[in-house]
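Next come the chains, spelled out residue by residue.
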Amino acid sequence: MEQIVRKNGLLYTPDLHTVLGVDIETDEFKGRIPFGAHYVDEEVFTECPYEKIDLPDSVLGIGVALFKDSPNLKSVRLPEKVTELPPYLFSGCTSLVKVKMPNVVYSFPEGLFQNCSSLPEIPFRAGIRELPQFVFQGCSSLLSLVIPSTVERIEAHAAEGCTNLTTLVLPEFLHELDQTAFDNCPNIRNIRISEDNPYFYVSEDDGCLYERTKDGDKLRLRVAGSKPAGVSFLKEDVDDSVEKEIEDFYTDEDIFEDDDDFSAEISGDDIAEQAVAQEAEEEQEEKFHTGSVSNEELANLFGGSSGAGSDGSAASGTGAMDEEEDEIAAVTVKITDSKTQAILDSVGFSRVIECQPEGTPPADADLFVIAEMLDKGDFTKKLESIARRFAQIQDYKRIFMLSGLPVDNDEFMEFYRLYVSNRNVVFACKAANASTLSDYGRKVCDYSRIDLTAAALAEQKQNIRSKNDTLIKLIIQDKE
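In this report, we go over the structure that sits alongside the text. (Residues numbered from 1 in each chain as written. Predicted model: local features only at pLDDT ≥ 70, side-chain atom pairs only at ≥ 80, totals over all residues. Heavy atoms only, no water.)

Phi at Phe134 is positive, roughly 60°, even though this residue is not glycine. As for its placement among the helices and strands, Phe134 is situated in the loop between strand E9 (130–131) and strand E10 (144–146). The phi angle at Lys376 is positive, at roughly 55°, despite the residue not being glycine. One can find Lys376 in the loop between strand E21 (366–371) and helix H4 (381–394). (Helix = DSSP H or I, 4+ residues; strand = E, 2+ residues; numbered from the N terminus.)

In structure tokens, the structure reads:
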């Protein structure tokens, strides 16, 4: 019988190159294997009590099901030289939230993250060509899944039971998708795939995934609540009946006029007054772009700040319209909330508009407007106009206009997700319908908790028409 060496709270082979297990007769091991071991045997940490395990870079290989069924395990660091991962490595690790992967991993094995129900995202690596059976099965915390473009095959039950998955970006070179790959994923609302893929496409009509076959196009993956023949923004013959359950984000007939300008119809204000105000704004904007406008004029021009200052303040104006007033007074807004200021400091461009509600403000009296596009380095006049309309209807106190949300900064976006979860958010996008929403737009909607299902958007559309205490989570098209 081979001798076993006890050291550092672990069981080794005599040469100390292979870790065989944890020494249960001592509590010396704290989750970090000392440098020197070359191999960690299979199932060494199965059903382990540790929350964090760190494998040193001296390790060249690890065994099957190494961490399997460890319900307390939250964080794992894998060694840099391990480029081949064994099957079922993290299967059943229901508390796992973070994995530090090697820079190079050639493939994902069967059952790699099976039933990792707390994992917020998949740590993909470039070069993976296949998603095998059960690889992400039961990863119920996944909200979005962006599969690397190199993946060509997705096998049976690969992502089955990802019950909270809402956004799915499929790879450009995908040519084989098993029918059961996304079984029991009832909340997928957005599917995206490159238009250059010759095998699959997303229909602009219903947002569902179809496969091109010799027998005709076949539905392969349906989005939640999908029905045939959706309508896009700015379509003149839109039928706004609830019974049709239109698959749009937000139709234009209540918000946009025929000339593509924001309409006053939603709040019943005098359109002529808006036209006069807009002419004045255009005149002032010309002065702004030529550098001949003062700070006070700039504040009046936008009815808001000229941008947040280094002291956290912003010049602002009223969002209410008063026929008796010829000018809108500018005031200084001091942002005292450090979290709000952190948001303003982290985006590419922002403006704070201080409103003067005529009625009683709701419990959440702030409106966050996330703009996908800018016009000559500023928010479009249409978008600012409609933001003021919403604020006027709902008696909001402030509007935070934001652009350039750093969606690739995971740490910031998690902070953003928590911060805006119970706040009013409007996303202004360039897309006309769900199937053409950009990757940036999908991420913003995901982190802003904007529900893109037809029923949710129909409800939001009704909510924004009249004052109520319902949280607004809405998407509109911003188009010049």
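Moving on to H4. Taking 1.5 Å as the rise per residue, H4 with 14 residues should run 20 Å; its terminal C-alpha atoms sit 20 Å apart, in good agreement. Most of H4 is tucked away: eleven of the 14 residues are buried. Listed as buried for H4 are Lys382, Leu383, Glu384, Ile386, Ala387, Arg388, Arg389, Phe390, Ala391, Ile393 and Gln394. Positioned one or two residues after H4, Asp395 has a phi angle of 60°, which is positive. (Expected span 1.5 Å × (residues − 1). Buried < 20%, exposed > 50% of the residue type's maximum accessible area, 1.4 Å probe, protein only.)

What follows concerns the side chain of Ser91. Tracing the sequence through the fold places Ser91 in the loop between strand E7 (75–77) and strand E8 (98–100). On the accessibility criterion, Ser91 (4% relative accessible area) is buried. Here Ser91 is in contact with Lys68, Asp69, Gly111, Leu112 and Gln114, once residues within four sequence places are set aside. (Contact = heavy atoms within 4.5 Å.)

Before going further, it helps to examine the packing of aromatic side chains. All chains considered together, the criterion is met by 18 aromatic pairs. Here Phe45 and Phe67 contribute two aromatic rings whose centre-to-centre distance is 5.9 Å and whose plane-to-plane angle is 10°, an arrangement assigned as stacked. With Phe45 in the loop between strand E4 (39–40) and strand E5 (52–54) and Phe67 in the loop between strand E6 (61–62) and E7, this residue pair connects regions lying 22 residues apart in the sequence. Exposure remark for Phe45: the relative accessible area of 1% places this residue in the buried category. What links up through ring pairs into an aromatic cluster is the set Phe29, Phe45, Tyr50, Phe67, Phe90, Phe108, Phe113, Phe124 and Phe136. The ring of Tyr419 carries the charged tip of Arg423 above its face, separated from the ring centre by 3.8 Å. (Phe/Tyr/Trp six-rings, centres within 6.5 Å; stacked < 30°, edge-to-face > 60°. Lys NZ or Arg CZ within 6 Å of the ring centre and 35° of its normal.)

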